[in-house]
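So you can see what is in the structure, the chains are spelled out below.
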Amino acid sequence: RRPVPLLSLPRREMASLHCPRHVAWRDGNCRAAWLLRHATRSGGAAPVSPPLQVRRSPSPILRAPAQVCRSAAEATPSVAVTLPMGTTLQAFTVGTSRSRTPSPDLDGDLVVLMGAIECACKRIAALIRQSGLDGESVLHGYVDHGGSNAAGDAQKKLDVVSNDIMKEELHRCGVVKVMASEEDDGPIEVTSEGKYVVVFDPLDGSRNIECNIPTGTIFGVYRNEGNVLCKGKTMVCGGYALYSSATMMVLSMGNGTHGFTLDMLTGDFKLSMPNMRIPERGQIYSVNDARFHDWPLGLQTCIDNWRQGNGQSGKKYSARYVCSLVADVHRTLCYGGVAMNPRAHLRLLYEGNPMGFIVEHAGGIASDGNTPMLDIEPQEVHQKLPVFVGSKDDMNELLSYSNAVAGYGIRQEVNPGYEV
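It should be emphasised that the depicted structure is a prediction, and the values quoted were computed from it without experimental measurement.

### What about the sheet that holds strand 10 (residues 268-276)?
Right, so step 1: Strand order in this open sheet of eight strands is 4-3-5-6-7-8-9-10, and the pairing throughout is mixed. Among the strands making up the open sheet, the edge pair consists of strand 4 (188-189) and strand 10.
Right, so step 2: Pairing between strand 6 (residues 215-223) and strand 7 (residues 235-243): eight bridges, direction antiparallel. Paired with V221 across the strands is C237, a residue of strand 7.
Right, so step 3: Those strands touched by helix 7 (residues 157-173) are strand 3 (176-181), strand 4, strand 5 (196-204) and strand 6, and its axis lies near 155° from that of strand 5.
Right, so step 4: Contacting strand 3, strand 5, strand 6, strand 7, strand 8 (247-252) and strand 9 (257-263), helix 10 (residues 348-360) runs over the sheet at an angle of about 100° to strand 7.

### Describing the nonpolar core
Right, so step 1: Residues L113, V176, V221 and L251 are the most contacted members of the largest nonpolar core, which totals 39 residues.
Right, so step 2: Looking at which element gives the most residues to this core, the answer is helix 5 (residues 108-130), with ten residues.
Right, so step 3: Residues contacting L251, with those up to four places away along its chain left out, are L89, F92, M114, C237, G238, G239, G256, T257, H258 and F260.
Right, so step 4: If you look at the next biggest cluster of nonpolar residues, it comprises 24 residues, including Y240, M276, I358 and V389.

### Topic: the pattern of salt bridges
Right, so step 1: One pass over the full model with this rule turns up 19 salt bridges.
Right, so step 2: Salt-bridge contacts for D109 lead to K195; the nearest nitrogen and oxygen are separated by 3.9 Å. Taken together, the positions of D109 in helix 5 and K195 in the loop between strand 4 and strand 5 put the pair 86 residues apart, joining distant regions of the chain.
Right, so step 3: For D109, a relative accessible area of 26% puts it in the partly exposed group.
Right, so step 4: Salt-bridge contacts for R281 lead to E397; the nearest nitrogen and oxygen are separated by 2.6 Å. Here R281, found in the loop between strand 10 and strand 11 (284-286), pairs with E397, found in helix 11 (residues 392-399); they are 116 residues apart in sequence, far enough to count as distant.

### Focus on the sheet that holds strand 13 (residues 338-347)
Right, so step 1: One open sheet holds the five strands; their spatial order is 12-11-13-15-14, and the pairing between them is mixed. Each of the sheet's edge strands pairs with one partner strand only, and the pair in question is strand 12 (318-319) and strand 14 (365-367).
Right, so step 2: Judged from the two bridges that link them, strand 11 and strand 13 form a sheet pairing that is parallel. Each residue of the ladder has a partner; that of Y285, found in strand 13, is V338.
Right, so step 3: Sitting on the sheet, helix 10 touches strand 13, strand 14 and strand 15 (384-390), and the angle it makes with strand 13 is about 155°.

### Looking at the packing of aromatic side chains
Right, so step 1: In total, this model carries four aromatic pairs according to the counting rule given.
Right, so step 2: When the centroid spacing of 5.3 Å and the interplanar angle of 65° are considered together, the rings of F92 and F260 count as edge-to-face. Within this pair, whereas F92 is found in helix 4 (residues 89-100), its partner F260 is found in strand 9, the two being separated by 168 residues in sequence. As far as burial versus exposure is concerned, F92 and F260 are alike and both buried.
Right, so step 3: Arranged with centres 6.4 Å apart and planes meeting at 35°, the rings of Y401 and Y408 form a pair that is tilted.

### Some points on the packing of helix 5 against helix 7
Right, so step 1: Viewed as axis vectors pointing N to C, helix 5 and helix 7 meet at an angle of 155°, and their least axial separation amounts to 9 Å. Accordingly, the angle class assigned to the pair helix 5 and helix 7 is roughly antiparallel. Here helix 5 runs over helix 7; the crossing is right-handed. Residues V112, L113, A116, I117, C119, A120, R123, I124 and L127 of helix 5 touch helix 7, and the partners they reach there are L158, V161, S162, I165, M166, E168, E169, L170 and C173.

### Observations regarding the state of the cysteines
Right, so step 1: A complete count under the given rule lists zero disulfides for this structure.
Right, so step 2: Cysteine C121 is unpaired, with the sulfur of C119 as its nearest cysteine sulfur at 9.4 Å.

### Quick notes on the packing of helix 8 (residues 297-308) against helix 11
Relative placement of two packed helices is described by the angle separating their axes and the distance separating the axes.
Right, so step 1: Contact pair helix 8 / helix 11: the axes reach a minimum separation of 9 Å and the direction vectors enclose 135°. Our classification of the angle between helix 8 and helix 11 gives oblique. Of the residues in helix 11, those touching helix 8 at L299, C302 and W306 are D394, E397 and L398.
Right, so step 2: Within the contact of helix 8 with helix 11, the residues separate by chemical class into four nonpolar, no polar and two charged.

### Points about the pairing of strand 13
Working note: regular strand, side chains alternate between the two faces of the sheet.
Right, so step 1: Across the ten residues that make up strand 13, a large majority, eight, are buried.
Right, so step 2: Judged from the six bridges that link them, strand 13 and strand 15 form a sheet pairing that is antiparallel. Of the residues in strand 15, the one forming a bridge with N341 is V387.

What counts and what doesn't
Residues numbered from 1 in each chain as written. Predicted model: local features only at pLDDT ≥ 70, side-chain atom pairs only at ≥ 80, totals over all residues. Heavy atoms only, no water. Pairing = 2+ DSSP bridges. Helix = DSSP H or I, 4+ residues; strand = E, 2+ residues; numbered from the N terminus. Contact = heavy atoms within 4.5 Å. Axes fitted to C-alpha atoms, helices over the stretch in contact; angles between N-to-C directions. Core = buried A, V, L, I, M, F, W, Y, C linked by side-chain atoms within 4.5 Å. Buried < 20%, exposed > 50% of the residue type's maximum accessible area, 1.4 Å probe, protein only. Salt bridge = Lys/Arg side-chain N within 4 Å of Asp/Glu carboxyl O. Phe/Tyr/Trp six-rings, centres within 6.5 Å; stacked < 30°, edge-to-face > 60°. Parallel < 35°, antiparallel > 145°, perpendicular 65-115°, else oblique. Left-handed = near helix turned anticlockwise from the far one by under 90°. Disulfide = S-S within 2.5 Å. Nonpolar A, V, L, I, M, F, W, Y, C, P; charged D, E, K, R; others polar.

See below:
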């Protein structure tokens, strides 16, 4: 049958092609048509579509800085991905998988896995948008009977539901060997034949959910090595979804850091911020400086110098703090500066490593105040540590205040505990 020209379709049918429920049907048929057309031309053998085009650029804007943290330099050579705006996340994953493998064959398991994570994030985003409409007793507030997660943090109802959604999608995709969540006591074995290990924080910043402040989902993907305690520099993909005025997914697969925005008309995450580069110097620091007097002298001195314009840049810095790691890191990634929590409060596996991977592949630095974040050997699944991520020059200046003399560091070693 000859294809029907799009303009000859009734208006209602044209509109239906953009409806999310038709997206999978439409994309699958276009792909099948492409393969069939080229197979006919080549005498029956359907060719493999070309891999993602990657170009190495000498431009200092696209090249990873020479002084970037050592683990980022080891993780990947400096590459810039050439993709048109609006490329879907699925197409990006397909191209990245092909460009990595020595043969043109597709690593289909990675595509399936990223599709599962994408689907979970869409479901969580929809749930957050609707959470206030079902009555506060349904999804707002804390879980009944004072529930808490493995780290002892009080759980919100949306924490539990988001965790269930992530686990359901990862179970269903069939390519995950082990997964570990911030909300569970330990790792969960999914399938013995899975190729990947996935760690995640299903809903970061959920404490602020009732007041409509940005929240997010953080995830890290590793090759299956039989253990979830992997160094960050061995990560295959690190990313986060940001649920705000727009829903975004920012991730790195070792070929730079890229941002995708959810198109509500088609249901696709589409490339909107390719090859993100964090400015080498910012003018914003992000930390809860109500705790200023609990900090070590080095951190107090650095922050005070930035406030007064006595730092290396000579500019007065501003404070911006949301208390949602995804929101604070995303702003830092866009505008530069430093986002930090100087006390051992954030988790290495679920927060520190994925965020460090993203920031370092965007040209920044991630550290726990002593060691590059991606070089730290995890000791336990819920290991906590201080986290400092940001612009290269700001981070180098901040780290220069660490361990100069006894007590003159930037890590808050004494954690008095705070009631919120």
